[in-house]
Amino acid sequence: MEAKIIIKYFPILELKDAPEKGVKKTSLTYTDDSGENEITIFLAALPEGLIAFSAVCSHLGCIVDWNSKTEQFLCPCHGSKYDVNGNVIGGPAPAPLERLITEIKEEKIFVGIKI
Ligand code: FES
């Protein structure tokens with residue numbers, strides 16, 4: 001039997017607080033069957049629109065941070081680097097940062113989380 005993936009939407013930011021350029025860090029606390037979870041999310045204002053990235057490094061799961069001077073996401077654990085699109089540009093990370101599904105409703109930005 002296949003496991004069923006359920007995507008639930010959670011509000012992360014008022015639309016008026018969304019970045020007009022660059023990257024903004026935010027967090028989300030939600031509860032699922034495993035209990036309370038807190039995750040870090042980056043919202044990037046890209047030419048294609050507002051994109052939400054999971055902050056979980058694709059190497060071993062550390063939390064990346066955004067460096068506005070170099071305009072890169074940097075992982076403190078083993079030095080992986082990602083560009084503003086979440087693509088790997090250095091280090092051992094095997095895959096880009098995960099893009100989260102976003103939705104705008106009632107002047108709020110929601111992200112879809114697999115639970
Ligand atoms: S966990 Fe990010 S580089 Fe290893």
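Cut-offs used in this document
Residues numbered from 1 in each chain as written. Predicted model: local features only at pLDDT ≥ 70, side-chain atom pairs only at ≥ 80, totals over all residues. Heavy atoms only, no water. Disulfide = S-S within 2.5 Å. Helix = DSSP H or I, 4+ residues; strand = E, 2+ residues; numbered from the N terminus. Buried < 20%, exposed > 50% of the residue type's maximum accessible area, 1.4 Å probe, protein only. Contact = heavy atoms within 4.5 Å. Pairing = 2+ DSSP bridges. Axes fitted to C-alpha atoms, helices over the stretch in contact; angles between N-to-C directions.

## Some points on the state of the cysteines
At step 1: Applying the stated criterion across every chain yields a total of one disulfide.
At step 2: Across the disulfide, cysteine 62 is cross-linked to cysteine 77 (sulfur-sulfur distance 1.9 Å). Handedness of the cysteine 62-cysteine 77 disulfide follows from its S-S torsion of about -95°: it is left-handed. Taken as a pair, cysteine 62 in the loop between strand E4 (49–54) and strand E5 (65–67) and cysteine 77 in the loop between strand E6 (72–74) and strand E7 (81–82) lie far apart in primary sequence, 15 residues in all.
At step 3: Assessed through its relative accessible area of 37%, cysteine 77 is described here as partly exposed.

## Brief notes about the environment of leucine 43
At step 1: Looking at where leucine 43 falls in the secondary structure, it is placed in strand E3 (residues 35–46).
At step 2: For the pair leucine 43 and glycine 22, spaced 21 residues apart in the sequence, the C-alpha separation amounts to 8.5 Å.
At step 3: Apart from residues no more than four positions distant in its own chain, leucine 43 is found in contact with Ile12, Leu13, Pro19, Gly22, Val23, Lys24, Leu50, Ile51, Ala52 and Ile109.

## Focus: the sheet that holds strand E1 (residues 7–14)
At step 1: Taken in spatial order, the six strands line up as E1-E10-E9-E4-E3-E2 in an open sheet, and their pairing is antiparallel. Both outer strands of the open sheet, E1 and strand E2 (22–32), are each paired with one neighbouring strand and no more. Taking each pair of neighbouring strands and ignoring which way they run, the sheet shows an average axis angle of 35°.
At step 2: Bridging between strand E9 (residues 99–105) and strand E10 (residues 108–114) involves five bridges; their strand directions are antiparallel. Considered in E10, the bridge of lysine 105 is made with lysine 108.

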